[in-house]
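# Residue-level structural notes
Take a look at the letters that make up each chain.
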Amino acid sequence: LKRRQKRGRKLVEVFKRELDLLIPDLEKAGVTLALENLPRLEGFPNAEEGEALMRDYAGAPVGLWFDTGHARVRECHLWSSPATEIATRMESFIKGMHLNDVKDFHDDHRQPGWGGVDFAALKPLANRDVLRVFEPHRPVSFEELAESLKMIRKLWAE
């Protein structure tokens, strides 16, 4: 974790130089760049780096993409705070979400409700205008996704 933190500081500086060059093109095109949380220790940006970048680039067309399964994997490995805590803390920066679930330490991109992601605790994000996308991998079926959608709608409507 200490080695990753040291590498992260270097990555942030390099990334910011490149992002500074990209922002005028994003503004001109009317596009927002959303940085996704990744499931590996070396994934960039981690929650702290993402939060710092969002504060540094407040008002710029840059945001975060929150992957529920990736956040849960990081949480299971003790590489980050609980996924729901991160989502709550970063709520104003989140532009979109991948909704998928995880059991144990594996990012299996399964249907919501299958694993350990606390979708009820993510309800504050349901009240925001963010893109929400299922991101299933095999062997998830259409029927399982349909049930997941019903579950999430019920959780987030209550």
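Residues numbered from 1 in each chain as written. Predicted model: local features only at pLDDT ≥ 70, side-chain atom pairs only at ≥ 80, totals over all residues. Heavy atoms only, no water.

## Topic: helix 2 (residues 47-56)
Side chains of residues three or four places apart in an α-helix project in the same direction, reflecting 3.6 residues per turn. To be explicit about the condition: To sort residues, take the accessible area from a 1.4 Å probe on protein chains only and compare it with the maximum for the residue type: under 20% means buried, over 50% means exposed, and anything in between is partly exposed. The secondary structure listing takes helices from DSSP runs of H or I that are at least 4 residues long and strands from runs of E that are at least 2 residues long, numbered from the N terminus. Only heavy atoms enter the contact rule, under which two residues are in contact if any of them lie within 4.5 Å. Under this definition, polar contacts are N or O atom pairs within 3.5 Å; protein pairs additionally need one hydrogen-donor-capable and one acceptor-capable atom, and for neighbouring residues in sequence, both atoms have to be side-chain atoms.
Of the residues making up helix 2, those classed as buried are Ala-47, Glu-49, Gly-50, Glu-51, Leu-53 and Met-54. Among the structural elements, helix 1 (2-29), strand 1 (33-36), strand 2 (62-67) and helix 4 (83-89) are those in contact with the buried residues of helix 2. With a side-chain oxygen positioned 3.1 Å from the backbone nitrogen of Glu-48, the residue opening helix 2 is Asn-46.

## Digging into the packing of aromatic side chains
Filter applied, for reference: Each aromatic pair joins two rings of Phe, Tyr and Trp (for Trp, the six-membered one) with centres within 6.5 Å, and gets the label stacked for planes under 30 degrees apart, edge-to-face for over 60, and tilted for any other angle. As a reminder, the over-ring test applies to NZ of lysine and CZ of arginine, requiring each to be within 6 Å of the ring centre and within 35 degrees of the ring normal.
All told, the structure shown has 1 aromatic pair when counted by the stated rule. Between the aromatic rings of Phe-15 and Phe-44, the centroid separation amounts to 5.4 Å while the plane-to-plane angle is 65 degrees, which identifies the pairing as edge-to-face. In this pair, Phe-15 is assigned in helix 1 and Phe-44 in the loop between strand 1 and helix 2, connecting sequence segments 29 residues apart. The ring of Trp-114 has Lys-103 lying over it, and the distance from NZ or CZ to the ring centre is 4.7 Å.

## Considering the nonpolar core
Here is a general trend for soluble globular proteins: nonpolar side chains tend to be buried in one another's company. Applicable threshold: Think of a nonpolar core as a cluster: buried Ala, Val, Leu, Ile, Met, Phe, Trp, Tyr and Cys residues, connected wherever their side-chain atoms sit within 4.5 Å.
Formed by 30 residues in total, the largest nonpolar core has its most connected members in Phe-66, Ile-94, Met-97, Leu-122 and Trp-156. Those elements that place two or more of their residues in this core are helix 1, helix 2, strand 2, helix 4, strand 3 (94-99), helix 5 (123-126) and helix 6 (142-157). Not counting residues up to four positions away in its chain, the partners in contact with Phe-66 are Asn-37, Ala-71, Ala-83, Ile-86, Ala-87, Ile-94, Gly-96, Met-97, His-98 and Leu-122.

## Quick notes on the pattern of salt bridges
Note on pairing: side chains with opposite charge can pair once their charged atoms come close. Spelled out, the test is: Take a side-chain nitrogen of Lys or Arg and a carboxyl oxygen of Asp or Glu: if they are within 4 Å of each other, that pair is a salt bridge.
Enumeration over the complete set of coordinates arrives at 8 salt bridges. Arg-55 is the salt-bridge partner of Glu-51, the closest N and O atoms lying 2.9 Å from each other. One end of the pair, Glu-51, and the other, Arg-55, are both in helix 2, 4 residues apart, so they sit about a helical turn from each other. A relative accessible area of 53% places Arg-55 in the exposed class. One salt bridge connects Glu-75 with Arg-72, and the closest N-O pair in it is separated by 3.2 Å. Of this pair, Glu-75 and Arg-72 both sit in helix 3 (residues 68-76), separated by 3 residues, roughly a single helical turn.

## Some thoughts on the pairing of strand 1
What counts is decided by this rule: DSSP calls a pair of strands paired once it identifies at least 2 bridges connecting them. Throughout, right-handed denotes a crossover for which the path from the first strand over the helix to the second runs clockwise when the strands point away from the viewer.
In the sheet, strand 1 pairs with strand 2 via 4 bridges, with the strands oriented parallel. Residue pairing in the sheet places Glu-36 in a bridge with Trp-65 of strand 2. As for the winding sense of the linkage, the β-α-β connection from strand 1 through helix 2 to strand 2 is right-handed.

## Brief notes about the environment of Asp-67
Within the secondary structure, Asp-67 sits in strand 2. C-alpha separation for the pair Asp-67 and Val-12, spaced 55 residues apart in sequence, amounts to 20 Å. Contact partners of Asp-67, with chain neighbours within four places excluded, come to Glu-36, Asn-37, His-98, Asn-100, His-109 and Glu-135. For Asp-67, the side chain forms a polar contact with the main-chain nitrogen of His-70, separated by 2.8 Å.

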